[in-house]
Structures are given as structure tokens and as C-alpha cells.
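Report on the structure
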Amino acid sequence: MKIEIVDKKLHEIQADIEIIFIIDKNLNHKWVKDKEELKKLGFMGDVEEVAFLPHQGRIYVGAKLDHDEIRIATAKALKTLKGKKFKTAKAGVYIQNCPITNIKAFVEGAILGSYSFDKYKSKSKKLELEKIILANEEYADKPFTLENAKKSIKEAKIVAKTTNFVRDIVNTPPNEIYPASFAKLAKEMAKEEDLEIDILDEKELKKEKMEAFLAVGRASAHRPRLVHLRYTPKNAKAKIAIVGKGLTYDSGGLSLKPSEYMVTMKSDKSGASAALGIIKAAKKLDIPVEIHAILGLAENMIDGNAYKPDDILTAKNGKTIEVRNTDAEGRLVLADCLCYAQEKVEPDFIIDIATLTGACVVALGEYTSGVMGHSDELRSSMLAAAKASGELAGELPFNRYLPKLLESKITDICNISSSRYGGAITAALFLSEFIEEKNKDKWVHLDIAGPAYREKEWGYNPYGASGAGVRMVIKWLQKEFVYDKKHP
Ligand code: BES
Ligand code: ZN
Ligand code: ZN
């Protein structure tokens, strides 16, 4: 689907259908040409309410003047067109004083909202729309120039298409994506995008002393891999490591998940998938930062050689871990990957992204990611970036009492907490044990267990994978290293 802005008035553009956002509930805007009919239909212009008038060639959708509401409204309008024969649509950029963020939101909403994962369906209702044309209506020069708008549209396309790329990976079933095939996919992407890549197999992981990571992947026919991608632009302003949890399947291991909790665990690779997407988008957007994406890929399964509750593992940094639950496996993989990232990259910032705990979903609800870490500044810049990107994120605070819950009688640390409360935070505090003292304030942990995968549509997110983490971290990179402080 093509999306472009042209220097024409709306009425000069030929299209099969026009999309009209209703912000004024009195339907008083000059673009509302069907006021009487809309009233008869009982259309109130409420948020997400749609009135489709095919004979007039118009679709009305209720919205609010907020960038994320515009994403939602655009997605809603396009979903109405699924399975229908309209090929072209137009919309006026007449959203009062339309800030550039709203143009971006329109484009993102269109691309994110028209996504569906139907590769495995023999028949599916597709969006047949081929082109959306935005009219540069009455704001030819203010507050943006056409050139500005075109640049923003290009950016929004990169961000949204990358999010869809990540959604595709997460949605792909575990019989197709396992550590080796995920690594192959990363290699193909690296070649396409001209990124450097190292892939470590079990032998190399052994050499790196990543025994916690290896234990998790040991019982699977699909052996683990670590993927290290590098994007190294000239004159980089900073060096950033993005570490992603890539459990291509999490059965729980010997601490087996009940069947109803096991379904959807193909989504336990969402963190690694997001990290892959972020480095891809960063390259396409020319973000002036050296980025290392480190993906810990393993499958948590069962066989005679499976790691067990009671095992004692030694992580890459020499710390010993008492295993009391093999379903708390993500933190074991990440512990070694975080050590690897600090040793190999010496980063200025470390961001880890993981579907780490069900407790985070209990704490914040299923749409919101948890943001944790020692640095107040880093946490709040990430929360602000999430908000600006349209992702929902909330802070979960550390305190001086919680680390005690991870104490073990026989090792340096235990892989689960002794309390049933605060599980998202204690999981993050476990990871913190593998962050060197000098790096504590450089690290932020994103628990995306809630929003990464939902079995129902929400806003512009489809059934299944949402691509959580991608837009938030890209926006953080842009806000920190690209935009000036006044940029929205
Ligand atoms: N992958 C899960 C966490 C998860 C839960 C992701 C729900 C997405 C949706 C993780 O490996 C896990 O099983 N965590 C356990 C930890 C517990 C054993 C301390 C959990 O959350 O129950
Ligand atoms: Zn688990
Ligand atoms: Zn897991």
C-alpha cells in the first residue's frame, strides 16, 4: 500500500473513497457533506465510531486530536475497507493546525492497522486498497512544509513497516522459527541492510562460559544460538547494546506450564524480535548511534538431559545460581547475554527487552510494558519516549527490601523470589545482579510480557503479536540522539 502527500486540494484528487475524521461532534466541519444522513444513521462521532457511506464514496470516523487516537481512528477506517473493492483513498490534512506528529500517526495507523497474519490461511479478507493520497489542504506552509511532511511520512513508514516485520517473526510458529532458523533470518536481514553479524553456536557459547544460557537450551532438539548484530555509523554519538530475550518456545521445562498457559509461548521470542527490528529501523533512519543487538535464542523444553530445579549454574560473570524453577528461564538467558554485552560492547546504554514475567501483566495490565532500572533519568526518558511513540509503559520501582527475596542458602542468588508478590521487579533485580557496578545507571529493563502478544485486537494492534518495544525504543533513540529538545 502506497501512502503519499501531494500539493493539491482534496477536491482535485481522484480516489474511490474519502476518509473524514470527525473531531467536532456537532458535525459542523466543512468537509462533512453528509450531515443529515449521518444524523439519520445515529452517528455521534464518538471515538472509534465509523459511518461508511459507499455510494457517496465517504467514510467517517470519530477521533480525538491526539496522535495515538489518530492512529486508532485511521486503523478503524481502513479495517472497514477490508474485503471491499476500493483501490484508492484520500484524506485531507485538515486536522486543526495539524502537527507533524498527526501526519506520522495517520501513516503509522494505516500501516499498523491494516496488518494481519494470514500466511497460513487458504482464504482471507484482504485490504485491497493500493494507495492513500493525503491532500496538502490548507496548511501549505504552516506549521509544516511539504518537504517536512514527506520526510515525516518516510520516517513513519519505516517505523510501522519494521513493527510489522517484527509482528511477522513473533507470529511465526515454533515449528518454523527455532534458534537456528531465527539466526538464519537475522543473517539474511543483516545482508540486506548491510549490518555486521556474528552467530555463536553451542561450542562458542561454552567458550564464552555462558552456562546459564546453555542450561536453558539443553533439552531441545533445536540447539541455542546467540546472534550479535552491529550497526556502526560514522561519527556515532554513543554506543548502545540492545539485549533481547529470544525463547522461540517456552514450555516451562521440567517446571512445566499448564497447557492453557503454554499456548502463545511462541511469543516468548518477542524481545529478540524487537531488538532485530530496532537495529533494522535505526539503520534505515540513519540514527547516529552505534547499535549492538544481542539476541539470546533458545527453546525451553524437556528431555532426559533437561536442566532441573535444584541444579546450580555458574553464569558468565562467575556468579552461581540456584535453579528452583525452570520456567524462570528468560532471566538465565539474559543474565549471560547482559554479561556478554558489557564485556564485548562496553556500551553507554544497555536496554534489555523481554517477555519476562506474568507478574508484570498482573501489575500493569495486558496492554502496558514495565520499565525498570536504577537510573531515574533513564527510566523517565524511556517512559516519555513510549508515550510519544503511542506505546503504553509504566514504571515499576525497585526498593531496598526486594533484593533480599532472591537470596539463596547455597549459592550467590536464586532464580526465583521467595515471595509471590512483586515478581516483575524481583525478576529485574535478578538481572541487575549481572550488571556491573559501573554500568548500573546505564541499564534499563523493558518487560513486554503483557502487550507483546494478545489474543484479541486492540486499537491498531491485531490478534497476535503487536511488535511491542519497537516504536518505544526507536523514539527513545530519536529523542536522545536525533531531535532537538523542542521536537515533539
Ligand atoms: N515467558 C514467561 C513469562 C510470560 C508470561 C510471558 C505470560 C508472556 C506472557 C516466563 O519465562 C515465565 O514463565 N515466568 C514465570 C516466572 C516464575 C516461574 C517466577 C511466570 O511469570 O510465571
Ligand atoms: Zn518461562
Ligand atoms: Zn519465558
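Since the model is a prediction, treat every value here as computed from it, not as a measurement. Residue indices follow the written sequence of each chain, beginning from 1 at its first position. As a convention, the first chain written is A and the first ligand written is 1, with the rest following in written order. Given that the model is predicted, a residue must reach a pLDDT of at least 70 before its local features are reported, and side-chain atom pairs must reach 80 or more before they are shown or counted; all residues, however, enter totals for whole chains, interfaces and linings. Side-chain figures throughout are based on the complete set of non-hydrogen atoms in the structure, without hydrogens or water.

Attention now goes to empty space enclosed by the protein. Site definitions follow a grid-based scheme: protein atoms alone, a 1 Å grid, a 1.4 Å probe that fits but cannot get out for cavities, and for pockets an open set with protein on both sides within 12 Å along at least five of seven lines, plus lining residues having an atom within 4 Å of a point. Grid points are joined across faces, edges and corners, and a volume is the space filled by probe spheres set on the points. For the coordinates displayed, the defined rule picks out three cavities of 30 Å³ or more. Estimated volume of the second largest cavity: approximately 80 Å³. Taken together, R71, K104, E108, E155, A156, V159, A388, S389, R471, I474, K475 and Q478 make up the full set of residues lining the second largest cavity. Strands are runs of DSSP state E lasting at least 2 residues, helices are runs of H or I lasting at least 4, and numbering of each runs from the N terminus. Residue assignment for the lining of the second largest cavity shows that the elements contributing at least two residues are α3 (100-113), α4 (146-171), α12 (376-389) and α14 (470-481). Among the elements that make up the lining of the second largest cavity, the one with the highest residue count is α14 (four residues).

What follows covers the domain arrangement of the protein. Once the domains are mapped, the protein shows domain 1 (2-139) and domain 2 (161-481). Its C-alpha centre places domain 1 at a distance of 36 Å from the equivalent point of domain 2. Facing 15 residues of domain 1, the contacting portion of domain 2 comprises 19 residues. Between domain 1 and domain 2, the buried area comes to about 1,400 Å², and carbon and sulfur atoms account for 55% of it. Each salt bridge in this description consists of a side-chain nitrogen of Lys or Arg and a carboxyl oxygen of Asp or Glu lying within 4 Å of one another. On inspection of domain 1 and its partner domain 2, the count reaches two salt bridges. Linking E176 and K119 is a salt bridge whose minimum nitrogen-to-oxygen distance equals 3.7 Å. Two N or O atoms count as a polar contact when they lie within 3.5 Å, although within protein this holds only if one can serve as hydrogen donor and the other as acceptor, and sequence-adjacent residues are included solely when both atoms are side-chain atoms. At the surface where domain 1 touches domain 2, the tally comes to ten residue pairs in polar contact (both at pLDDT 80 or more). Sorting the residues of the side of domain 1 that touches domain 2 by element identifies α2 (67-80) and α3 as the ones contributing at least two each. At six residues, α2 tops the list of elements feeding residues into the side of domain 1 that touches domain 2. For the purposes of this description, domain bounds are those given by an automatic or database domain assignment. Here, residues are in contact when the closest pair of their heavy atoms is within 4.5 Å. Throughout, buried area stands for the accessible area (probe radius 1.4 Å) lost by two parts on being put together, summed over both.

Attention now moves to the coordination of the zinc ion (ligand 3). Distances up to 2.8 Å from the metal define which N, O and S atoms are donors, and 3.2 Å serves for Na, K and Ca; water is absent from the atom set, so sites may look incomplete. Coordination of the zinc ion (ligand 3) by the protein is provided by K245 (NZ), D250 (OD), D268 (OD) and E329 (OE), with metal-donor distances spanning 2.0 to 2.4 Å. Every geometry call rests on angle ranges, with four donors termed tetrahedral when all angles are between 85 and 135 degrees, four termed square planar and six termed octahedral when opposite donors are over 155 degrees apart and all others are between 65 and 115, and everything else termed irregular. Each of the six donor atoms around the zinc ion (ligand 3) contributes to a set of angles spanning 76 to 173°, which defines the coordination as octahedral. The metal-metal distance between the zinc ion (ligand 3) and the zinc ion (ligand 2) is 3.2 Å, with D250 serving as a donor to both. Of this pair, D268 sits in the loop between α8 (259-262) and α9 (270-284) while E329 sits in the loop between β12 (320-322) and α10 (330-345), and the two are 61 residues apart along the sequence. Owing to a relative accessible area of 3%, D268 belongs among the buried residues under this scheme. Three exposure classes are used, based on accessible area relative to the maximum for each residue type with a 1.4 Å probe and protein chains only: buried under 20%, partly exposed in between, and exposed over 50%.

As a further point, take the site of ligand 1. Proximity is defined per residue: if any heavy atom of the residue lies within 4 Å of a molecule or strand, that residue is considered near it. Close to ligand 1 lie 15 residues, the nearest being K257, D268, D327, E329 and G358. Measuring from an oxygen atom of ligand 1, one finds a side-chain N or O atom of D327 at 2.8 Å. E329 places a side-chain nitrogen or oxygen 2.9 Å from an oxygen atom of ligand 1. The protein chains hide 76% of the 520 Å² of surface that ligand 1 would expose on its own. In terms of residue class, the shell around ligand 1 is made up of four nonpolar, four polar and seven charged. The Shrake-Rupley method, run with a 1.4 Å probe, gives the accessible areas here. Residue values count only the displayed protein chains as cover. Throughout, the ten residues Ala, Val, Leu, Ile, Met, Phe, Trp, Tyr, Cys and Pro are labelled nonpolar, Asp, Glu, Lys and Arg are labelled charged, and all others, Gly among them, are labelled polar.

Further remarks concern unusual backbone geometry. A positive phi angle, close to 85°, is found at T264, a residue other than glycine. Here T264 shows up in the loop between α8 and α9. Classification of T264 by relative accessible area gives partly exposed; the value is 23%. One non-glycine residue, D286, adopts positive backbone phi at about 55°. Mapping D286 onto the fold places it in the loop between α9 and β10 (290-300). Classification of D286 as exposed rests on a relative accessible area of 59%.

Our next topic: the coordination of the zinc ion (ligand 2). Six octahedral donors around a metal ideally sit at 90 or 180 degrees from one another, while four tetrahedral donors ideally sit at 109.5 degrees. For the zinc ion (ligand 2), the protein coordination sphere consists of D250 (OD), D327 (O), D327 (OD) and E329 (OE), at 2.0 to 2.2 Å. Every donor counted, the six donor atoms about the zinc ion (ligand 2) form angles of 72 to 168° at the centre, which fits irregular coordination. All donors to the zinc ion (ligand 2) come from one chain, and their sequence spacing reads D-x76-D-x1-E. Judged by relative accessible area, which is 2%, D250 ranks as buried.

Further remarks concern the packing of helix α5 (residues 179-193) against α9. A pair of packed helices can be characterised by two numbers: the angle between their axes and the separation between those axes. The axes are straight lines fitted to the C-alpha atoms, using for helices just the contacting stretch, and the angles between their N-to-C directions are given from 0 to 180°. Close contact between α5 and α9 brings their axes to 11 Å; oriented N to C, the two are set at 5°. The pairing of α5 with α9 is recorded here as roughly parallel in orientation. Along its contact with α5, which presents F182, L185, A186, M189 and E193, the element α9 presents A272, S273, L276, I279, K280, K283 and K284. Roughly parallel means an angle under 35 degrees; roughly antiparallel means over 145; roughly perpendicular covers 65 to 115; every other angle is labelled oblique.

It is worth spelling out the layout of surface pockets at this point. The gaps left among the atoms become clear once a water-sized probe is rolled over them. Considered as a void within the structure, the largest pocket measures approximately 1,100 Å³ in volume. Lining the largest pocket we find 39 residues, and of these K257, L356, T357, G358 and A359 sit closest to its centre. Sorting the residues of the lining of the largest pocket by element identifies β9 (239-250), α8, α11 (358-364), α13 (423-432) and β18 (453-454) as the ones contributing at least two each. The leading source of residues in the lining of the largest pocket is α11, at five residues. Tallied by class, residues from the lining of the largest pocket come to 17 nonpolar, eleven polar and eleven charged.

Buried Ala, Val, Leu, Ile, Met, Phe, Trp, Tyr and Cys residues form a nonpolar core when they are joined through side-chain atoms within 4.5 Å. Of all hydrophobic cores here, the largest spans 55 residues; its most connected members are L295, I351, I353, L446, W476 and L477. No other element matches α9, which puts eight residues into this core. Residues contacting L446, with those up to four places away along its chain left out, are I351, D352, I353, A354, G370, V371, M382, M472 and V473. Counting residues in each nonpolar core, the second largest holds 48 residues, with A215, Y307, C360 and L431 among its members.

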